[in-house]
Amino acid sequence: MLEFSAQELSKFMEMHRNIAEYINLNPIQRGGILPDSVKEIVLEWVDGYSICDHCEGVLSEIKDPPIETFIAEILPKFLEIDEVRLTNGAREGIFVVLHSVCKPGDSIIIDKNSHYSVFLAAERVGLNVIEVENDGYPEYKILEDQYAEKIEEIKNKSGSYPELAVVTYPDGNYGNFPDAKKIAEICHEYEIPVLVNAAYAIGRMPISARKLKADFIVGSGHKSMASTGPIGILGIKDEWKDVIFRKSWRYKNKEVEFLGCGPRGLAVVTLMASFPHVLERVKKWKNEVEKARYFVKEMENIPTVKQLGVKPTSHDLNFFETPIFYEISKKHKRGRFFLYRELKKRGIIGIKPGLTKNFKLSTYLLTKDEINRVLEAFQEIASLH
Ligand SMILES: *Cc1c(COP(=O)(O)O)cnc(C)c1O
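A brief report on the enclosed structure follows. (Residues numbered from 1 in each chain as written. Predicted model: local features only at pLDDT ≥ 70, side-chain atom pairs only at ≥ 80, totals over all residues. Heavy atoms only, no water.)

## Observations regarding the sheet that holds strand β3 (residues 107-111)
Thought 1: With mixed pairing, the 7 strands of this open sheet are ordered in space as β2-β8-β7-β6-β5-β3-β4. The open sheet has two free edges, formed respectively by β2 (83-87) and β4 (128-132), since each of these has just one partner strand. Between one strand axis and the next, the sheet turns through 20° on average, direction left out of account.
Thought 2: Sheet topology note: the strand β5 (residues 164-168)/strand β6 (residues 194-197) ladder contains 4 bridges and is parallel. Bridge pairing in β6 links Thr168 to Asn197.
Thought 3: In the packing of helix α4 (residues 67-79) onto the sheet, contacts are made with β2, β7 (216-220) and β8 (232-236), and the angle to β2 comes to roughly 105°. (Pairing = 2+ DSSP bridges. Helix = DSSP H or I, 4+ residues; strand = E, 2+ residues; numbered from the N terminus. Axes fitted to C-alpha atoms, helices over the stretch in contact; angles between N-to-C directions. Contact = heavy atoms within 4.5 Å.)

## Some points on the nonpolar core
Thought 1: Core analysis: the largest hydrophobic core is formed by 58 residues, its most contacted members being Leu75, Phe78, Tyr147, Ile202 and Ile217.
Thought 2: Residues Ala121, Leu195, Phe216 and Leu234 belong to the second largest nonpolar core, which totals 27 residues. (Core = buried A, V, L, I, M, F, W, Y, C linked by side-chain atoms within 4.5 Å. Buried < 20%, exposed > 50% of the residue type's maximum accessible area, 1.4 Å probe, protein only.)

## Side note on the sheet that holds strand β9 (residues 306-308)
Thought 1: Ordered by their spatial adjacency, 3 strands build an open sheet running β9-β10-β12, and the pairing between neighbours is antiparallel. Bordering the open sheet on either side are β9 and β12 (358-362), each of which pairs with just one other strand. Neighbour to neighbour, the strand axes of the sheet diverge by 40° on average, direction disregarded.
Thought 2: Note that strand β10 (residues 317-321) and β12 share 5 bridges and pair antiparallel. By the bridge assignment, Phe319 is partnered in β12 with Lys360.

Structural measurements only, silent on function.
Spelled out as structure tokens, the structure:
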């Protein structure tokens, strides 16, 4: 091995984030913030494989820490689904389902507002992806009835029905909730199982796989369940157990799709330790939606600003069209980075640097005071016009 100089390594030895003083609006981060009480125990679990002290060979059966109870009882009850496994993220859960249920060359049907990682998971398995459209600007609402049309279309073209349907609930651009139950009912008429991608829902709001009629459901621990991650949860209906949880012929107690073990260490510990806090916040979801609606209403008082996506919003993640900031950027000496700078000066981060025409943000778990500070900042910046 070649020698590394101290200078080459120095940047890895002092890494600080220094974000404590900022209000962070980044939608992917707001639901992943750990409660202080959980942050206190983190140091005990940071070492590699820290949960494996008492493992007898199956991660989902570890009793100390209480992973077995969490996976076998708590999470199924929370999601109202039969069986649960942990994965390294929502996308890994999606991949597991695609890879187990479909084979290369098969087709799946997904909604146009799907996360990019669903396309990648499909590509990794070798699947054809057929998209159900949304209704375009300004609401981008998924056209649920198209699931039936597209299913028929695929059948006519290829001779067989798609193997699986995916519904994003809600999507990560507009925070739109398609009628997942209706889609599931349509798909079930053709005996096509449905995967509900609830990465932005599970851990933020009440979710019942049973009520949505989902055959599979995935969530993201680092996005919406106050876990350090990377971690995801995958819920499945009993009838899919042998397919998804199939075991290795060589290592009889190891599940192949999970390469033997789920996430091992801090990710799962923080997921469990945060769970009581997550339960409490889920109960207050209505309040989060009200705050988001208040925020949207006030933002739209800024000239030309408009929330895109279904109205009124039903989620803390919202997408704004903001021509006024684009106009300012054309004349500003910092150009399109002015908005990021101006927000940062006011103690606010989380809008992607360089965006001015439109952006998304989340108000999840911000206090009313913080929301007002953010609104004032946008109002002030808009008055630079
Ligand atoms: C964030 C997100 C994902 C990916 O989540 P990971 O846990 O990071 O894999 C997938 N789908 C949607 C809709 C998302 O918003």
